[in-house]
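Notes for the structure review
For reference, the chains in residue letters:
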Amino acid sequence: MSEYLMEEYANVRPLLKRGCEFLGVQYPIICGAMTWVSEPKLVSAVANAGAFGCLAGGNAPTDILRAQIGEMKKRTDKPFAVNLITIAPAYHDHLAMLAEEKVPFIVFAGSFPREKEIEAAKATGAKVLCFASTISIAERMIRFGADAIILEGSEAGGHIGHVSTTVLVQQVLYRFCDQIPIFVAGGIGTGKMMAHMLLMGAAGVQLGTRFVMTEESNVHPAFKEAFIHANARDAISTPQYDSKLPVVAVRALRNRGTAEFGALQLRLLRELEAGTIHRQQAQEEVEKFWIGALRRAAVEGDVEMGSMMAGQSVGLVDKVIPIRELLDELLRDADRELVEIKRKLSC
């Protein structure tokens, strides 16, 4: 974004300052890491447009992730993060590799990192961001030394917790925003909502679904078309059938693949009961399912059997636009909302 445009949005600019300084970007709008979606082309385009992108580690082999980091460094000289999935089979290898491939930011996702893992990440010279989906997790991540928190409500897409953004804002953002930068995620799809998050103390926001629907996103056209026609209620979260098989809930558009995941859970529970599989193996099978199902939808365009991970903000999108247009829209609408708030307060 040009300096002229930043000057134009004079009302919102002061509220962006903290997040901008922490992330080293023009404005603190994070494109969340999405497996098969947040690859070097999209992430570098986000970074070069002045926002903040997260490269998705997912279940990628370590050499592939290393190559993607190298590609990112060729595509942009702007800050970006590498997102590590703590429940991925290659997680520890990914973390060890980052000690050699220096990156400015590391984001832990999937589950929650141990204190020594946060220490190892910070020892690489990176700033560390951790997700929090409850107040107790936020407290633990802050205690473990996280440099910032991504507070994610259950409205988000992909792997989610069970507490809504509005409750987490009241429990966590209000309490800790003066201590540590907190970026809010989950159901945020407009500049108006971004303005209110910033007013309440957020250092910035994270969006995923809106970035899927950009021209720079490489997802299959059928994937984007499904998003255009979806309503917010179509983005449902998966249930956990039995505590014997703890699974992280996933929010995606309802289709035949959703039913397939239910059948997988039932099969794994039978195998656990019979003692033919260990719980960790079962959980890895669940994660492999989502990685494969997401690839079928996002890469191959199988919108019936694949997993179309989407937040409830999918109900707010109806077209594909360039990243720069998306960012301009968010900033413009945030700025106008702040003007409107000032007008109402002066009445």
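Values in this document were obtained by computation on a predicted structure and should not be read as measured data. (Residues numbered from 1 in each chain as written. Predicted model: local features only at pLDDT ≥ 70, side-chain atom pairs only at ≥ 80, totals over all residues. Heavy atoms only, no water.)

What about the pattern of salt bridges?
Using the criterion set out here, one finds 16 salt bridges in the structure. The closest approach of N and O atoms between Glu-340 and Arg-343, which form a salt bridge, is 2.6 Å. Of the two residues, Glu-340 and Arg-343 both sit in helix H14 (residues 323-346), three residues apart, roughly one turn of that helix. Taking relative accessible area as the criterion, Glu-340 reaches 27% and is therefore assigned partly exposed. Residues joined by salt bridges that share partners form a network here, namely Arg-66, Lys-73, Glu-100 and Glu-101. (Salt bridge = Lys/Arg side-chain N within 4 Å of Asp/Glu carboxyl O. Helix = DSSP H or I, 4+ residues; strand = E, 2+ residues; numbered from the N terminus. Buried < 20%, exposed > 50% of the residue type's maximum accessible area, 1.4 Å probe, protein only.)

Considerations on the confidence of the model for the protein
The predicted coordinates ought not to be read in detail in places where the model reports low pLDDT. Taken residue by residue, the protein gives an average pLDDT of 94. The fraction at 70 or more is 98%. The low-confidence segment residues 1-5 (pLDDT under 50) makes 11 contacts with residues lying over four places distant or belonging to another chain. (pLDDT = per-residue confidence, 0-100. Contact = heavy atoms within 4.5 Å.)

Observations concerning the nonpolar core
The tendency in soluble globular proteins is for nonpolar side chains to be buried as a group. Membership of the largest hydrophobic core comes to 100 residues, with the highest contact counts inside it found for Ile-29, Phe-108 and Phe-211. With eight residues, the single largest contributor to this core is helix H13 (residues 279-298). When near neighbours in sequence (up to four residues on either side) are disregarded, Phe-211 contacts Ile-29, Ile-30, Cys-31, Met-34, Leu-42, Val-46, Ser-217, Ile-323, Leu-326 and Leu-327. If you look at the next biggest cluster of nonpolar residues, it comprises 19 residues, including Ala-88, Ala-109, Phe-131 and Ala-185. (Core = buried A, V, L, I, M, F, W, Y, C linked by side-chain atoms within 4.5 Å.)

A short note on helix H7 (residues 135-144)
By the burial criterion, the buried members of H7 are Ile-137, Ala-138, Met-141 and Phe-144. All buried residues of H7 lie within an arc of 130° about the axis, which places them on one face of the element. Against helix H6 (115-123), strand S5 (127-132), strand S6 (148-152) and helix H8 (165-176) lie the buried residues of H7. Gly-145 lies just past H7 and shows a positive phi near 105°. (Arc of directions from axis to C-beta.)

Things to note about the sheet that holds strand S4 (residues 105-109)
Read around the barrel, eight strands follow the order S1-S2-S3-S4-S5-S6-S8-S9 and close on themselves; strand pairing throughout is parallel. Going from strand to strand, the sheet's axes swing by 25° on average, the running direction of each strand aside. With two bridges joining them, strand S1 (residues 29-31) and strand S2 (residues 52-56) adopt parallel strand pairing. Pairing of Cys-31 across the sheet is with Gly-53, part of S2. (Pairing = 2+ DSSP bridges. Axes fitted to C-alpha atoms, helices over the stretch in contact; angles between N-to-C directions.)

Let's talk about the side chain of His-94
Tracing the sequence through the fold places His-94 in helix H5 (residues 91-97). Looking at His-94, its side chain comes within polar contact range of the main-chain oxygen of Ala-60, at 2.7 Å. (Polar contact = N/O pair within 3.5 Å; in protein donor to acceptor, adjacent residues only side chain to side chain.)

Focus: the sheet that holds strand S7 (residues 158-159)
Pairing in this open sheet of three strands is antiparallel, and the strands run S7-S11-S10 from one edge to the other. Of all the strands in the sheet, the pair left with one neighbour each is S7 and strand S10 (235-237). Where S10 lies against strand S11 (residues 250-253), three bridges are found, and the strand directions are antiparallel. For Ser-237, the partnering residue across the bridge sits in S11 and is Arg-251.

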